[in-house]
Amino acid sequence: MKWPVFVLLLAALFTCAPLNARPLLLEGGALPIEAQGYIERLDDPDGTLSPEEAMLAPRWQALPGNLNAGFTDATIWLRLSVRVPASVVPTWALRLDNALLDDVRLYQRESDGRWSEQRAGENLARPLWPVDYRSAVFPLRFAEPGDRTLLLRLQSKNAMSVSLDLEPGQQFSNHSRREFFAYGLYFGVYLLLIGFHTVFWRMTRAPESGWYLLYVNCCVGIEVLSLGLPQQLLDLPVSLSDSLLGVALALSIPIGMIFAGRQLGLPQVYPRLQARLAVLCWGIAGVAALAVLSGHYGEGAMLSQGSALVLIPFFLALAFWLLLRGHRPARYYLFAFGVFYAGAVISFMRNLGYVPSNVWTNVVSPIGSMLHMGLMSLRIIGGVPR
């Protein structure tokens, strides 16, 4: 009796396996069609596979969601099957949400059996991208209904955290214009904040205002480079944009630690701890920045983000400890930094591959950062008591 049950279980596994690779039905709608749950992954450690070899490889794995591979030197292939109904519009756009991918290639099999190739990614000059957008977007044209297979080949020094979505071409154009307008408003608020505090610091020469100005500039620089906006608008080469981002990530460790410590009142209650932490963080920043500038971007970025993931719970625990002892600055610190730390931790965990990449994990960091900067601005200018 045991063998028939075992055989039935195996048969169920093998018959259910192809269901994970079921084709994604392309239907028009107001929102983009997310591909999570329909994607398969293949690791190519040497990066030597051709599209045909990748297609026939036996090591494909169905992904339960989007791609979360962290920092990896391997080439990663993604396979997505789409079903084109007869009534669908013929022109579509395939968008990858990660703006920091170095090399992205889309392969489609033509009617004569050949593989056509489209390329994007930071290693390629922006004028050569198929679509002028902050991250890789590939135009798709389906002349006839039926099933199609899309192959994506990805390489990057940055975290390989990628989600895919598809939408009709005209709809994508409308969404991209609205998105660009929204980012203009978002970073316009930051520019006003930076301008105001620059004037405020020049007038008062207050150390708190100066550290806050450094802190805001560093956070905004990391955010705008991570979104790929300067790279798109200024056609920055990857050697410069990755260096700027990696060094900004490194500098954010000591700048963020010193600013957080001052807001928590550490120089008054634990001056030695504040000084030693500052020395440690500047040392970590120096090592991480040197790693980035010497061509080891992944190692430098992982050191910076890993250090932040250690410092955040340490400072939160310290703030709770001081709060229990009646230290007044700890109350506002936990409120103002809590929302920022939550967004930062989710973002870092997504980059390291521990949290799924989706619309919520992508926007939680900007929302938390904006709320945090507004609360800290109120405190710096004296509107909120310590």
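Counting starts from 1 at the beginning of each chain's written sequence and moves along it residue by residue. For this predicted model, a pLDDT threshold of at least 70 governs which residues receive local features, and a threshold of 80 or more governs which side-chain atom pairs are given and counted, while totals over whole chains, interfaces and linings are taken from all residues. Neither water nor hydrogens contribute to the side-chain values; these are computed over all heavy atoms in the structure.

The way it works is that DSSP assigns letters per residue, a run of H or I at least four long becomes a helix, a run of E at least two long becomes a strand, and they are numbered from the N terminus. By this rule the span expected of a helix is its residue count minus one, scaled by 1.5 Å. The end-to-end C-alpha distance of helix 4 (residues 207-227) is 31 Å, a good match for the 30 Å that 21 residues give at a rise of 1.5 Å each. Using a 1.4 Å probe on the protein chains alone, a residue whose accessible area is under 20% of its type maximum counts as buried, one over 50% counts as exposed, and one in between counts as partly exposed. Along helix 4, 15 of the 21 residues are buried, which leaves the element largely enclosed by surrounding structure. Phi turns positive one or two residues past the end of helix 4, at Gly 228, with a value near 80 degrees.

A positive phi angle is found at Arg 205, which is not glycine, with a value near 55 degrees. Mapped onto the elements, Arg 205 comes out in the loop between helix 3 (169-204) and helix 4. Here the phi dihedral of Asp 235 falls at roughly 55 degrees; this positive angle occurs in a residue that is not glycine. When you line up the elements, Asp 235 lands in the loop between helix 5 (229-234) and helix 6 (238-264). Using a relative accessible area of 38% as the deciding quantity, one classes Asp 235 as partly exposed.

Position of Gln 231 relative to the elements: it lies in helix 5. The definition of a polar contact used here is a pair of N or O atoms within 3.5 Å, where within protein one atom must be able to donate a hydrogen and the other to accept one, and adjacent residues in sequence count solely through side-chain atom pairs. Engagement of the side chain of Gln 231 in a polar contact is seen with the side chain of Glu 122, the distance being 3.4 Å. A polar atom in the side chain of Gln 231 sits 3.0 Å from the backbone oxygen of Leu 225. By definition in these notes, contact holds between two residues if any of their heavy atoms fall within 4.5 Å. The contacts of Gln 231, once residues within four sequence positions are left out, are Leu 100, Glu 122, Arg 126, Val 224, Leu 225, Leu 236 and Ser 241.

This part is about a nonpolar patch on the surface. Only residues above 30% relative accessible area that lack a salt bridge enter a patch, with like-charged residues linked at up to 9 Å and the nonpolar side chains Val, Leu, Ile, Met, Phe, Trp and Tyr linked at up to 5 Å. The protein chains shown are the only cover counted for residues, whose accessible areas, like all others here, come from Shrake-Rupley with a 1.4 Å probe. Salt bridges, as used here, are contacts in which a Lys or Arg side-chain nitrogen is within 4 Å of a carboxyl oxygen on Asp or Glu. Where nonpolar side chains cluster on the molecular surface, the patch consists of Phe 180, Leu 233 and Leu 234 and spans about 330 Å² of accessible area. In this structure, Phe 180 sits in helix 3.

Here we take up the sheet that holds strand 7 (residues 91-96). Taking strand neighbours across the sheet as the criterion, the four strands line up as 2-13-7-10 in an open arrangement whose pairing is antiparallel. Two strands close off the open sheet at either side, each with one partner strand: strand 2 (33-34) and strand 10 (137-141). By the bridge criterion, two bridges tie strand 2 to strand 13 (residues 164-168) in an arrangement that is antiparallel. Bridging from a neighbouring strand, Ile 33 pairs with Leu 166 of strand 13. Simply put, an axis is a line fit to the C-alpha atoms, just over the touching stretch for a helix, and the angle between two N-to-C directions goes from 0 to 180 degrees. Docked against the sheet, helix 3 engages strand 7, strand 10 and strand 13, running at close to 110 degrees with respect to strand 13. Paired strands, in this sense, are two strands between which DSSP finds at least two bridges.

Here the nonpolar core consists of buried residues drawn from Ala, Val, Leu, Ile, Met, Phe, Trp, Tyr and Cys, with membership extended through side-chain atoms lying within 4.5 Å. Ranked by internal contacts, the top residues of the largest apolar core, which has 58 residues, are Phe 187, Tyr 212, Tyr 215, Leu 264, Phe 315 and Phe 337. Contributing elements (two or more residues each) for this core: helix 3, helix 4, helix 6, helix 8 (271-293), helix 9 (297-324), helix 10 (329-351) and helix 11 (359-380). By residue number, the principal contributor to this core is helix 4, which donates eleven residues. Setting aside its immediate chain neighbours within four residues, Phe 187 contacts Val 220, Glu 223, Val 224, Leu 227 and Leu 229. Core analysis: the second largest hydrophobic core is formed by 34 residues, Leu 24, Leu 26, Trp 129 and Val 162 among them.

Another point: the pattern of salt bridges. Overall, the coordinates contain eleven salt bridges when judged by the stated rule. Here Glu 117 ties to Arg 105 by a salt bridge, and the two come within 3.8 Å at their closest N and O atoms. A residue pair is termed long-range when its members are at least 10 positions apart, and Glu 117 in strand 9 (residues 115-120) and Arg 105 in strand 8 (residues 103-109) qualify at twelve residues. When its relative accessible area of 41% is taken as the criterion, Glu 117 is described as partly exposed. The salt bridge partner of Arg 134 is Glu 179, with a shortest N-O separation of 3.3 Å. Of this pair, Arg 134 sits in the loop between strand 9 and strand 10 while Glu 179 is found in helix 3, placing the two residues 45 residues apart along the sequence. Taking the relative accessible area as the measure of exposure, Arg 134 reaches 6% and is therefore buried. Using a relative accessible area of 22% as the deciding quantity, one classes Glu 179 as partly exposed. Taken together, the shared-partner salt bridges connect Asp 102, Lys 157 and Asp 242 into one network.

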